[in-house]
Amino acid sequence: GRRPAARSAPAAPRLVLGGAGDYFQVEKNSQSRAELRVDGLDRGEPVTRFVFELRRESPAKVDFWTALARRENLDFSNYRGFVFEARASRSMRFWLQFRTGGGRLESAFQHSFLAGENWRRIAIPFAGFYRLYGAETTPDLKKISAFFFTIDNGNAHAGTRGEISLRAIGLY
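Being a predicted model, the structure only gives us computed values, none of them experimental. (Residues numbered from 1 in each chain as written. Predicted model: local features only at pLDDT ≥ 70, side-chain atom pairs only at ≥ 80, totals over all residues. Heavy atoms only, no water.)

### What to know about the nonpolar core
Within the largest apolar cluster, 36 residues are counted, with the highest numbers of intra-cluster contacts made by Phe-76, Phe-82, Phe-84, Phe-113, Phe-147 and Phe-149. If we ignore the near neighbours within four places in the chain, the residues touching Phe-84 are Leu-96, Phe-113, Arg-120, Arg-121, Ile-122, Ile-124, Phe-149, Leu-166, Arg-167, Ala-168 and Ile-169. (Core = buried A, V, L, I, M, F, W, Y, C linked by side-chain atoms within 4.5 Å. Buried < 20%, exposed > 50% of the residue type's maximum accessible area, 1.4 Å probe, protein only. Contact = heavy atoms within 4.5 Å.)

### Some points on unusual backbone geometry
Trans peptide bonds make up most of the peptide bonds, and negative phi angles are found at most residues other than glycine. One non-glycine residue with positive phi stands out, namely Ala-168, at about 50°. Position of Ala-168 among the secondary structure elements: in strand E12 (residues 161–171). A relative accessible area of 33% means that Ala-168 is categorised as partly exposed. (Helix = DSSP H or I, 4+ residues; strand = E, 2+ residues; numbered from the N terminus.)

### Description of the pattern of salt bridges
Scanning all chains against the criterion turns up twelve salt bridges. Put simply, Arg-71 and Glu-27 hold a salt bridge, and the shortest N to O gap is 2.8 Å. Here the residue Arg-71 occupies a position in strand E5 (residues 65–74), and Glu-27 occupies one in strand E2 (residues 25–28), the gap between them amounting to 44 residues. A relative accessible area of 48% places Arg-71 in the partly exposed class. (Salt bridge = Lys/Arg side-chain N within 4 Å of Asp/Glu carboxyl O.)

### Considering the packing of aromatic side chains
Tallied over the entire structure, the rule returns 21 aromatic pairs. Residues Phe-98 and Phe-129 carry aromatic rings whose centres are separated by 4.9 Å and whose planes lie at 70° to one another, so their mutual orientation is edge-to-face. A residue pair is termed long-range when its members are at least 10 positions apart, and Phe-98 in strand E7 (residues 92–100) and Phe-129 in the loop between strand E9 (120–125) and strand E10 (130–133) qualify at 31 residues. In this structure, Phe-98 and Phe-129 share a single accessibility class: buried. Its guanidinium or amino end placed over the ring of Tyr-23, Arg-70 lies 4.0 Å from that ring's centre, counting from NZ or CZ. Between Arg-167 and the ring centre of Trp-119, over which it is positioned, the NZ or CZ distance is 3.9 Å. (Phe/Tyr/Trp six-rings, centres within 6.5 Å; stacked < 30°, edge-to-face > 60°. Lys NZ or Arg CZ within 6 Å of the ring centre and 35° of its normal.)

### Focus: the sheet that holds strand E11 (residues 144–152)
Strand order in the open sheet formed by six strands is E2-E5-E11-E7-E8-E10, and the pairing between neighbours is antiparallel. Each edge of the sheet is formed by a strand with only one pairing partner; in this case those strands are E2 and E10. The sheet shows a mean angle of 30° between the axes of neighbouring strands, taken without regard to direction. Bridging between E7 and strand E8 (residues 107–115) involves nine bridges; their strand directions are antiparallel. The partner of Gln-97 across the bridge, within E8, is Gln-110. (Pairing = 2+ DSSP bridges. Axes fitted to C-alpha atoms, helices over the stretch in contact; angles between N-to-C directions.)

### Thoughts on the pairing of E12
For strand E1 (residues 15–16) and E12, the ladder comprises two bridges, and the chain directions are antiparallel. Across the sheet, residue Val-16 finds its bridge partner in E12, namely Gly-170. As judged from the seven bridges shared by strand E4 (residues 47–53) and E12, these two strands associate in the antiparallel manner. Following the sheet pairing, Arg-49 is matched in E12 by Ser-165. As judged from the six bridges shared by strand E6 (residues 81–88) and E12, these two strands associate in the antiparallel manner. Paired with Phe-82 across the bridge in E12 is Leu-171.

### Observations regarding a nonpolar patch on the surface
Together, Tyr-130, Leu-132 and Tyr-133 line one region of the surface with nonpolar side chains, adding up to about 270 Å² of accessible area. With respect to the helices and strands, Leu-132 occurs in strand E10. (Patch = residues over 30% accessible without salt bridge, like charges linked within 9 Å, V, L, I, M, F, W, Y side chains within 5 Å. Areas by Shrake-Rupley, 256 points an atom, 1.4 Å probe, with all protein chains shown as cover.)

Right, dumping it as structure tokens:
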């Protein structure tokens, strides 16, 4: 049988995503704060730094979020999953989410990961993601419409602030 993905974590991505300073856009609810910086482009070793503070819109609106977003039609069907290196200002849980299709046919899939104060390589197989919404129970990896690194009211509380750094983001 196949070994669990955690034990067969790849050494490096087969395809690198996000090698440019403008690869990701910041998305957030209106009251939250977020800022994106990319360092190391001159050395060809970009580090994406995302500084955030989560804030509730109002007592009635429970959803709040900040995200690094890439909205692009992509084909991930030749790969097994995402792999990247991450560290955070303190130990925090984040989501990696991807979406397939579009409009009323959009489906979203999500998996959490823990980033700590030291750099750590994280590999998440597509098979490990669970469906958030949408008709598709198994993602059509040929029809990726977006992916996000996000922190929200599902894994943090209002007032949470911090920073996550990402590098060598890719697919294996």
